[in-house]
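Analysis of the macromolecular model
Residues per chain are reported as follows:
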Amino acid sequence: MLIDCETCVVRDVACADCVVTVLLDRSESQAPVVLDDEERAAIGVLADSGLVPPLRLVPATYDERRAGGAARAG
C-alpha cells in the first residue's frame, strides 16, 4: 500500500486523527509511505485496540488529482 498524504482527499481535515500523522509525524510534506501487508495488519490491530487512530487515507481519483494540479497552477 502506498500512502501519499499529498494526494489524500481528506488531507488537513483528518490528519490529526490519522495513524500516519501519529506514528510518523507527517506534519510537513514528505515522500509517500509504503506499507506491506504485515505492517498494514499490525497497524490495524493497534487501531482496533484503541492504541493508535486508524488510517484515514482517502486517495484522490485521477480526475481529482488533475483538477488539484490545475487549481494549484492557476
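Small disclaimer: the values here were computed from a predicted structure and weren't measured.

**Some details on a nonpolar patch on the surface**
A grouping of Val 22, Leu 23 and Leu 24 is seen on the molecular surface, where their side chains present a nonpolar patch of about 250 Å² in accessible area. Mapped onto the elements of the fold, Leu 24 is located in helix H1 (residues 19-24).

**Re the pattern of salt bridges**
Inspection of the entire model under this criterion finds two salt bridges. For Glu 6, the salt bridge is made with Arg 11, and the minimal N-O distance between the two is 3.2 Å. A relative accessible area of 29% places Arg 11 in the partly exposed class. The salt bridge partner of Arg 40 is Asp 37, with a shortest N-O separation of 3.9 Å. Taken together, the residues Arg 40 and Asp 37, both in helix H2 (residues 37-48) and three residues apart, mark about one turn of the helix. On the basis of relative accessibility, which here comes to 40%, the residue Arg 40 falls in the partly exposed class. Its relative accessible area of 61% is what places Asp 37 among the exposed residues.

**Here's the deal with the state of the cysteines**
Scanning all chains against the criterion turns up zero disulfides. The cysteine Cys 15 is free of any disulfide, with Cys 5 supplying the nearest cysteine sulfur at 6.3 Å. In this structure Cys 18 is not part of a disulfide, and its nearest cysteine sulfur, from Cys 5, lies 6.5 Å away.

Rules used throughout
- Residues numbered from 1 in each chain as written.
- Predicted model: local features only at pLDDT ≥ 70, side-chain atom pairs only at ≥ 80, totals over all residues.
- Heavy atoms only, no water.
- Patch = residues over 30% accessible without salt bridge, like charges linked within 9 Å, V, L, I, M, F, W, Y side chains within 5 Å.
- Areas by Shrake-Rupley, 256 points an atom, 1.4 Å probe, with all protein chains shown as cover.
- Salt bridge = Lys/Arg side-chain N within 4 Å of Asp/Glu carboxyl O.
- Helix = DSSP H or I, 4+ residues; strand = E, 2+ residues; numbered from the N terminus.
- Buried < 20%, exposed > 50% of the residue type's maximum accessible area, 1.4 Å probe, protein only.
- Disulfide = S-S within 2.5 Å.

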